[in-house]
Amino acid sequence: AILKAGGAYVPLDPDYPADRLAHMVEDSGIALVLTQAAVRTRIPGADRLQILEVDTLDLSAESDADPQVQVSADSLAYVIYTSGSTGRPKGAQLSHRNVARLLDATDAWFGFGPDDVWTLFHSYAFDFSVWEIFGALCTGGRLVVVPYWVSRSPQDFLALLRAERVTVLNQTPSAFGQLVHAVEQDEEGGSGLALRKVIFGGEALEPESLRPWFDRFGDESPRLINMYGITETTVHVTYREITKTDLQGGRSPVGVAIADLGLYVLDGSLNLLPQGVAGELFVAGAGLARGYLNRQGLSAERFIANPFTDDGSRLYRTGDLVRWNAQGELEYLGRVDQQVKIRGFRIELGEVQSQLLAQPEVREAVVLAKQSAGGARLVAYVSLNSPAEDGLLKDRLGHALPDYMVPSAIVVLDALPLTANGKVDRKALPEPEMASTQQYEAPQGELEEALARIWAEVLGVQRVGRHDGFFELGGHSLLALGLLERVRALGLGVQVRTLFQHPRLADFAQALGREQGQL
């Protein structure tokens, strides 16, 4: 509706903190919000906006004719906000042409059509959703919007894939890993699926993680495709089919460029680098965004003149470290700046640090992505001007940042360790101890005691008290799935939402008891 009316859309996820939504509303200058009655109260500055609740509108008297609004290929289609190193999210501007050429340029690989069924698995504020929505609707397919709680429960999601006969599945590798495990635990062994394409994106893919899937399904039906990409280059940049031969090891293979894009691996002086030498990836071609909304300086820094042509074209500086392999394909090696991806979400560590430094108690701050048993997680190290109550800083960050950007642990030091040249010595920072912010009270009863043992093992902590919170101890959605599986092994049926709605041990045990009819 927005696009046919000649407008551009700015996705506002109601689960984002109010401060972040307020910045997006003000920065984008939106005047009209399409929403639902149940989330209207979460819209910042609603009294200054025109708001339409789509679930309460009476459209019976409205025309269903094409509005005949003149929209060109270069008209703005959407602005999606991504994490910003200065502490402010930045809005990438993409046109109709950007999206249309993405579908045209990849058609020879996929051949999507009206018989395909897609899932909208990701938040519509995450750019992967652009591929999911328009990939289905622009090729005549059917789009299945996955309910939030189903997206958090691999078993329920597997059942949805069967029931809806989904043929095109888009996943981050982390989410797909949980689905693979659900298939292994499934009584039907994953039979009854109609999948023909599984497309990965959002984070680095380790081929070895696909071994259980290949052992069960092989590598021909469905086909598994790895697609590297960035919001500023219209979702996808490269294509690489993953087969059993990729299980031999090696870096995350991201493959070859989409036909209308150019890839350059350059050093710090913008010189081309030879095969096998790591450098920063720059992207050219029809997928590049206009730039960042209201951020001319940042746009000029990230979108630069292409030194290899004289046609006035641009290069986008990705900040990703890559190299060409012997097969002429790109391998992804990591980041050259402070940007990381955790569970598919792109995070500027500088944005988290800026929010910490904005707190009056904080003197110094550095944020790192640390590897743990449950995958990468954010850890912050701070020194303080004045004492801060336990949990205060995390609570404040939760009001300004989405939950995936709030560090699992905030470690307080007398001062941040420095190297000889005065930089933060990251190697000298201690490993965080995931400790409770609550006064310890021992679990009560057999159920609480059993759950406390499971929590301690899954979270890697010494003990768990009855008032401790799963997420406060470093838990996240992927660890939650492992925890629930252990709980089910006790013979207790439990839903994902139970843990999210009752994250403290005693409350979780009580909710479990009610569900089992024990209370």
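In this report, we go over the structure that sits alongside the text. (Residues numbered from 1 in each chain as written. Predicted model: local features only at pLDDT ≥ 70, side-chain atom pairs only at ≥ 80, totals over all residues. Heavy atoms only, no water.)

## Some words on the sheet that holds strand β3 (residues 76-82)
- Taken in spatial order, the three strands make up an open sheet running β3-β4-β14, and their pairing is antiparallel. Across the chains shown, the open sheet's two edge strands, defined by having one partner strand only, are β3 and β14 (291-292).
- For strand β4 (residues 90-95) and β14, the ladder comprises two bridges, and the chain directions are antiparallel. Looking across to β14, one finds that Q93 is bridged to G291.
- The strands that helix α2 (residues 96-110) touches are β3 and β4; relative to β4, the one it contacts most, it runs at about 65 degrees. (Pairing = 2+ DSSP bridges. Helix = DSSP H or I, 4+ residues; strand = E, 2+ residues; numbered from the N terminus. Contact = heavy atoms within 4.5 Å. Axes fitted to C-alpha atoms, helices over the stretch in contact; angles between N-to-C directions.)

## Here's the deal with the pairing of strand β16 (residues 314-324)
- Taken together, the five bridges between strand β13 (residues 279-285) and β16 define a ladder with antiparallel strand orientation. Among the inter-strand pairings, E280 is bridged to a residue of β16, identified as L321.
- Two strands pair when backbone bridges link them, and strand β15 (residues 303-305) and β16 are joined in this way by three bridges, in the antiparallel orientation. Residue pairing in the sheet places F303 in a bridge with Y316 of β16.
- Counted between consecutive antiparallel strands, the loop separating β16 from strand β17 (residues 330-335) contains five residues, among which G328 sits at a positive phi close to 75 degrees.

## So, empty space enclosed by the protein
- Following the criterion strictly, the structure yields two cavities of 30 Å³ or more and no others.
- Taken as a whole, the largest cavity spans an internal volume of roughly 300 Å³.
- Taken together, 24 residues make up the lining of the largest cavity; nearest its centre are T82, F126, D127, T231 and R346.
- Within the residue set of the lining of the largest cavity, elements represented by two or more residues are α1 (18-28), β3 and β19 (345-348).
- With three residues, β3 is the single largest residue contributor to the lining of the largest cavity.
- In terms of residue class, the lining of the largest cavity is made up of 12 nonpolar, eight polar and four charged.
- Taken as a whole, the second largest cavity holds about 40 Å³ of empty space.
- Taken together, P173, F176, G177, V180, F200, L205, S209 and L210 make up the lining of the second largest cavity.
- Its residues assigned to classes, the lining of the second largest cavity comprises six nonpolar, two polar and no charged. (1 Å grid on protein atoms, 1.4 Å probe; cavity = no way out; pocket = protein on both sides within 12 Å on 5 of 7 lines; lining within 4 Å. Points joined across faces, edges and corners; volume = space filled by probe spheres on them. Nonpolar A, V, L, I, M, F, W, Y, C, P; charged D, E, K, R; others polar.)

So yeah, pure geometry; function would need other evidence.
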